[in-house]
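Architecture at a glance
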Amino acid sequence: MTDEFEADLLTLLDDDGAEHEFEIIDELENDDGHFIALVPTHQDADDLAADAETYYIFEIVDVDGEEELQEVEDDDLLNKLADVFENRFNELYFEDEN
């Protein structure tokens, strides 16, 4: 038996119609809404080194019965969500180091 991990991938289109693939690293639903944290899957070595800690947070909203991703425009909410996602990530991956 093998314990293989398959990444949850999502392809988004930018304003120019170009496709960008992201990995879903976490999802959170709370009183503020339903949110998702994403990291790009394809980066060149320079971008990877410069943006090693970069991820994106979007809100999942229902538009006419379909789920869509929307930017979080409230800076206070975005900072609060970033703290939650980072704490959850650290607990998951760095718990044994403490």
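Note: the structure precedes this text.
Because the structure is predicted, anything quoted here is derived from the model rather than measured.

Attention now goes to the sheet that holds strand E1 (residues 9–13). What links the strands of a sheet is backbone hydrogen bonding, and the strands pair in either a parallel or an antiparallel sense. Taken in spatial order, the 5 strands make up an open sheet running E1-E2-E3-E4-E5, and their pairing is antiparallel. Either end of the sheet is taken by a strand with one partner, and the two such strands are E1 and strand E5 (66–71). Geometrically, the sheet is characterised by an average inter-axis angle of 45 degrees between neighbouring strands, direction not taken into account. Both strand E2 (residues 19–30) and strand E3 (residues 33–40) contribute to a ladder of 8 bridges, which runs antiparallel. The residue bridging Phe22 from the neighbouring strand is Pro40, located in E3. Packing of helix H2 (residues 75–94) onto the sheet brings it into contact with E2, E3 and strand E4 (56–63), and relative to E2 it is tilted by some 90 degrees.

Turning our eyes to something else, we now look at the pairing of E4. Across 4 bridges, E3 lies against E4 in antiparallel orientation. When the bridges of E4 are listed, Ala37 appears paired with Ile57. Summarising the sheet, E4 and E5 pair through 6 bridges and their orientation is antiparallel. By the bridge assignment, Asp62 is partnered in E5 with Glu67. Between E4 and E5, which pair antiparallel in sequence order, lie 2 residues; one of them, Asp64, sits at a positive phi of approximately 55 degrees.

Its 20 residues give H2 an end-to-end C-alpha distance of 27 Å, which sits within 8% of 28 Å, the value for a rise of 1.5 Å per residue. For H2, the complete set of buried residues consists of Leu77, Leu81, Ala82 and Phe85. The arc that holds the buried residues of H2, viewed along the axis, is 135 degrees, so those residues lie on one side. Relative to its buried face, H2 has exposed residues pointing more than 90 degrees away, namely Asp75, Asp76 and Glu91. Next to the buried residues of H2 lie E2, E3 and E4. Between a side-chain oxygen at the N-terminus of H2 and the backbone nitrogen of Asp76 the separation is 2.9 Å; the capping residue is Asp74.

Reading guide: rules and limits
Residues numbered from 1 in each chain as written. Predicted model: local features only at pLDDT ≥ 70, side-chain atom pairs only at ≥ 80, totals over all residues. Heavy atoms only, no water. Pairing = 2+ DSSP bridges. Helix = DSSP H or I, 4+ residues; strand = E, 2+ residues; numbered from the N terminus. Axes fitted to C-alpha atoms, helices over the stretch in contact; angles between N-to-C directions. Contact = heavy atoms within 4.5 Å. Expected span 1.5 Å × (residues − 1). Buried < 20%, exposed > 50% of the residue type's maximum accessible area, 1.4 Å probe, protein only. Arc of directions from axis to C-beta. Polar contact = N/O pair within 3.5 Å; in protein donor to acceptor, adjacent residues only side chain to side chain.

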